[in-house]
Amino acid sequence: MRKQKQSQGHISIANGRFLSAGGEQRSWTLDPGLGSWLVHPCAAIYTVPHITDTIFCLNAEVAPENLHVNENDENQERGNWSKKSDYLLSMVGYAVGLGNVWRFPYLTYNNGGGAFLIPYVIMLALAGLPLFFLECSMGQFSSLGPVSVWRILPLFQGVGITMVLISLFVTIYYNVIIAYSLYYLFASFQRELPWSKCSISWADGNCSRSPFVTHCNVSISINEIFQANKSWVDANNLTCINGSEVYQTGQLPSEQYWNKVALQRSSGLDETGVIVWYLALCLLLAWLIVGAALFKGIKSSGKVVYFTALFPYVVLLILVIRGATLEGASKGISYYIGAQSNFAKLKDAEVWKDAATQIFYSLSVAWGGLVALSSYNKFNNNCYSDAIVVCVTNCLTSVFAGFAIFSILGHMAHISGKEVTQVVKSETITTTIQDLFPKVMKKMRAPITLGCCLVLFFLGLICVTQAGIYWVNLIDHFCAGWGILIAAILEIIGVVWIYGGNRFIDDIEMMIGAKRWIFWLWWRTCWFVITPILLMSILIWSVIQFRRPKYGQIPYPNWGVALGWCMITFCIIWIPVMAIINIIQAKGNIFQRIATCCRPAANWGPYLEKHRGERYENMSDSKKETNHEISNISDSRKPE
């Protein structure tokens, strides 16, 4: 850029014209060889050696390193959602997914049918919704991801790491389930569905869509009647005596196709077998889709969700209508919400643990993703109404999906002659990296995102071997159960009991405005008492009643169970580790160090200075300090 007339102060670009600080027009010539683009927290800057003027460009498109931020964003460092609808659909898309369509119906089936809805609704009201609102508020208030947000309480910084690690493990097998879906999608592009009938290429003699005769009585003379095998009867051209047939329910062709063709399932976890190549390709495709959706951060994922969040509802509606027209559908619906529900299951601690973890799984509470997505909101967004809308939408979707699944199960039970209970057998990571390494993410968001997807693809290959389904079930049992329960308990204890529930409410009111005391009565009751006590009771109860995991009737070997415990230990060990590290880094005697770590870090508060007000006027600049910096006990912070 070559200057033709000297000016004072800085030069700004507006609407294609170059204006000096005094408002005078200046003429400039672009010269790529003379200057260079730099990235600044507020704008893209063009600097020219030996010339003091600096060009501030108001068009973010000229700074290719920072494409996830545009000129309308309130936070020019991290970016914001382009529209409110982008955020809401992203939250719905993040919360509503296979957990609603796959895991909720499965747990409902496994835990007494409609009886499971009772603990599910209770857990939604007393645990899910309070934690959902808490996490959305934390992320929006600080504009930080699930690890860095623990500047609020450095002693519990490991809780954020635990959330990310649990998300990592679950993400590995979650995309394997997506790969299953993609496989069935491609396999369905045939004139006749390959699992619609028993094929001689993979089915055995037990494959049948309806009960078949195994024995019957035959007569070889007037006075001699005996029972014989049906195959022997047919081989000798004999005829069964009417009413003497003995029927046996076989395996549906869809079940045998799933085990023998789709999974090529081995006999157990001990028999790993080979990688099922078509599942591996589907897994790679799944990760490529994820990488493409996250390529430009929230600017690209916020647009993708208009399809990914809404299209499943179209599919669910089609499935419900189709399922309701199938013969025997009422049998499945009766088990789902009718008289066939097993209310005796409510005495089992596992049912209540499954209800709690399903709420966390479905709402994505304690995974860190809610904090990550909410961190891109504008500061004064109404996160309270968002939490209510997303939670209600999510749980209604789960119940609605149950009608689709159980109507089909009822039809399968009808044609196979079985009871319903016999038909079936049993953005977070990249946001964390951005908070820890913001400069690197600006320049290398695309390769880092794709790199993460590639690494997770390779880690997931164990789940597409012939023993893959056992690995999927193992990770789900341990990491998606106790891990998120522990993270949720420590999260609410840390924020409400140590940081201070009333102080946190003051933080929320800085965003959504002051509310009357009656508004906060329910939230205070849940945050301070009901939610933490309820979650701790479920955790203790479920540990006492622990039963070894199994897939169907196949038990896991000792080393598999030990590995499951190792996975959950690896996730939660960072809680005490980070607490010890932060205590060591603090100053003073041991009591002073612990006290320091139990107070917010010096750089905790609203990300942008204009939102800090008097309560956070002494806050350190969050952009100049590391995420792990701990305030000294002698630091002067205005009391809350």
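Just so it is clear, the structure is predicted and the values come from calculations on it, not from any experiment.

**What to know about the sheet that holds strand β10 (residues 225–229)**
Two modes of strand pairing occur in sheets, parallel and antiparallel, and in both the strands are linked by backbone hydrogen bonds.
No. 1: Strand order in the open sheet formed by 3 strands is β10-β9-β11, and the pairing between neighbours is antiparallel. With partners counted over all chains shown, the strands left at the sheet margins are β10 and β11 (246–248), one partner each. Along the sheet, successive strands turn relative to each other by an average axial angle of 20°, direction set aside.
No. 2: Here strand β9 (residues 212–219) runs beside β11; their pairing, made up of 3 bridges, is antiparallel. Note on β11: the bridge partner recorded for V213 is Y247.

**Quick word on helix α10 (residues 329–337)**
No. 1: The complete set of buried residues in α10 reads A329, G332, Y335 and Y336. Here the buried residues of α10 occupy an arc of 130° about the axis, which is enough to place them on one side.

**Looking at a nonpolar patch on the surface**
No. 1: A surface patch of nonpolar side chains, amounting to about 590 Å² of accessible area, comprises L185, F186, F189, L285, L288 and I289.
No. 2: Mapped by element, the contributors of at least two residues to the nonpolar patch are α4 (157–187) and α7 (277–293).
No. 3: Counting residues per element, the nonpolar patch draws most heavily on α7, at 3 residues.

**A short note on the UniProt feature "binding site: Na(+)" (unreviewed entry) in the chain**
No. 1: Mapped onto this numbering, the UniProt entry gives "binding site: Na(+)" (unreviewed entry) at G93, A95, V96, N100, S362 and N394. These annotated residues cover 302 residues of sequence, and their C-alpha atoms all fall within 11.1 Å of one another, placing them together at a single site.
No. 2: Mapping A95 onto the fold places it in helix α1 (residues 84–95).
No. 3: Ignoring any residue separated from it by four or fewer positions in sequence, one finds A95 in contact with N100, S362, L363, S364, V390 and N394.
No. 4: Residue position: S362 is located in helix α11 (residues 349–363).
No. 5: For S362, a relative accessible area of 0% puts it in the buried group.
No. 6: For S362, the residues in contact, after removing those within four places along its chain, are A95, V96, N100, Y120, N394 and S398.

**What to know about the nonpolar core**
No. 1: In terms of nonpolar packing, the biggest core is built from 145 residues, with F132, Y173, Y183, F360 and W527 touching the most fellow members.
No. 2: By residue number, the principal contributor to this core is helix α16 (residues 468–512), which donates 26 residues.
No. 3: Residues in contact with Y183, not counting those within four places in the same chain, are Y257, V261, A262, Y278, L279 and C282.

**A short note on the packing of aromatic side chains**
No. 1: Throughout the structure, instances matching the rule amount to 38 aromatic pairs.
No. 2: With centroids separated by 6.3 Å and ring planes inclined at 85°, the aromatic side chains of W81 and Y376 adopt a geometry described as edge-to-face. Linking W81 in the loop between β8 (54–57) and α1 with Y376 in the loop between α12 (369–374) and α13 (383–416), this pair joins segments that are 295 residues apart in sequence. Here W81 matches Y376 in class, with each residue buried.
No. 3: Centroid distance Y470 to Y551: 5.5 Å. Interplanar angle 80°. Geometry classified as edge-to-face. Of this pair, Y470 sits in helix α16 while Y551 sits in strand β12 (residues 550–551); the two residues are 81 residues apart in sequence, bridging distant segments of the chain.
No. 4: Given a relative accessible area of 1%, Y470 falls into the buried group.
No. 5: Of the aromatic side chains, those joined through ring pairs into one cluster are Y180, Y183, Y184, W195, W202, Y257, W258, W277 and Y278.

**Section: the state of the cysteines**
No. 1: In the structure shown here, the tally under the stated rule is 2 disulfides.
No. 2: Through a disulfide, C198 is tied to C207; the S-S separation comes to 1.9 Å. On the S-S bond that ties C198 to C207, the torsion sits near -90°, and the link is left-handed.
No. 3: On the basis of relative accessibility, which here comes to 11%, the residue C207 falls in the buried class.
No. 4: Two residues share a disulfide in this structure: C216 and C240, whose sulfurs sit 2.0 Å from each other. What sets the handedness of the C216 and C240 disulfide is the S-S torsion sign, and at about -65° it is left-handed. Residue C216 is found in strand β9, and its partner C240 is found in the loop between α5 (230–235) and β11; the two are separated by 24 residues along the sequence. In terms of burial, C216 and C240 fall into one category: buried.

**Some words on the pattern of salt bridges**
No. 1: For the structure on display, the rule yields 6 salt bridges.
No. 2: A salt bridge links D204 to K260; the nearest nitrogen and oxygen atoms lie 2.7 Å apart. Taken as a pair, D204 in the loop between α4 and β9 and K260 in helix α6 (residues 253–262) lie far apart in primary sequence, 56 residues in all.
No. 3: The class of D204 is partly exposed, set by a relative accessible area of 34%.
No. 4: D348 is the salt-bridge partner of R547, the closest N and O atoms lying 3.4 Å from each other.
No. 5: Note on R547: relative accessible area 47%, which makes it partly exposed.
No. 6: You can call D348 buried: its relative accessible area is 16%.

**Concerning the packing of helix α18 (residues 558–572) against helix α19 (residues 574–585)**
No. 1: The geometry of α18 relative to α19 is characterised by a closest axis approach of 5 Å and an angle of 25° between their N-to-C directions. The angle between the axes of α18 and α19 places the two elements in the roughly parallel class. Together, F570, C571 and I572 of α18 and W574, I575 and P576 of α19 make up the contact between the two elements.
No. 2: Considering only residue class, the contact of α18 with α19 consists of 6 nonpolar, no polar and no charged.

**A word on the side chain of T531**
No. 1: With respect to the helices and strands, the residue T531 is situated in helix α17 (residues 517–544).
No. 2: For T531, a relative accessible area of 0% gives the class buried.
No. 3: Within the local environment of T531, its side chain forms a polar contact with the backbone oxygen of L126, the two atoms lying 2.5 Å apart.
No. 4: Beyond its immediate stretch of four places on either side in the chain, T531 contacts L126, A127, P130, L131, I492 and C526.

**Considering unusual backbone geometry**
No. 1: Unlike most non-glycine residues, N237 shows phi in positive territory, near 55°.
No. 2: Checked against the element boundaries, N237 lands in the loop between α5 and β11.
No. 3: On the basis of relative accessible area, N237 is assigned to the exposed category, the value being 70%.
No. 4: Non-glycine residue Q264 carries a positive phi angle of around 50°.
No. 5: On the basis of relative accessibility, which here comes to 27%, the residue Q264 falls in the partly exposed class.

Rules used throughout
- Residues numbered from 1 in each chain as written.
- Predicted model: local features only at pLDDT ≥ 70, side-chain atom pairs only at ≥ 80, totals over all residues.
- Heavy atoms only, no water.
- Pairing = 2+ DSSP bridges.
- Helix = DSSP H or I, 4+ residues; strand = E, 2+ residues; numbered from the N terminus.
- Axes fitted to C-alpha atoms, helices over the stretch in contact; angles between N-to-C directions.
- Buried < 20%, exposed > 50% of the residue type's maximum accessible area, 1.4 Å probe, protein only.
- Arc of directions from axis to C-beta.
- Patch = residues over 30% accessible without salt bridge, like charges linked within 9 Å, V, L, I, M, F, W, Y side chains within 5 Å.
- Areas by Shrake-Rupley, 256 points an atom, 1.4 Å probe, with all protein chains shown as cover.
- Salt bridge = Lys/Arg side-chain N within 4 Å of Asp/Glu carboxyl O.
- UniProt positions renumbered as here; feature names shortened; annotations may be inferred.
- Contact = heavy atoms within 4.5 Å.
- Core = buried A, V, L, I, M, F, W, Y, C linked by side-chain atoms within 4.5 Å.
- Phe/Tyr/Trp six-rings, centres within 6.5 Å; stacked < 30°, edge-to-face > 60°.
- Disulfide = S-S within 2.5 Å.
- Parallel < 35°, antiparallel > 145°, perpendicular 65-115°, else oblique.
- Nonpolar A, V, L, I, M, F, W, Y, C, P; charged D, E, K, R; others polar.
- Polar contact = N/O pair within 3.5 Å; in protein donor to acceptor, adjacent residues only side chain to side chain.

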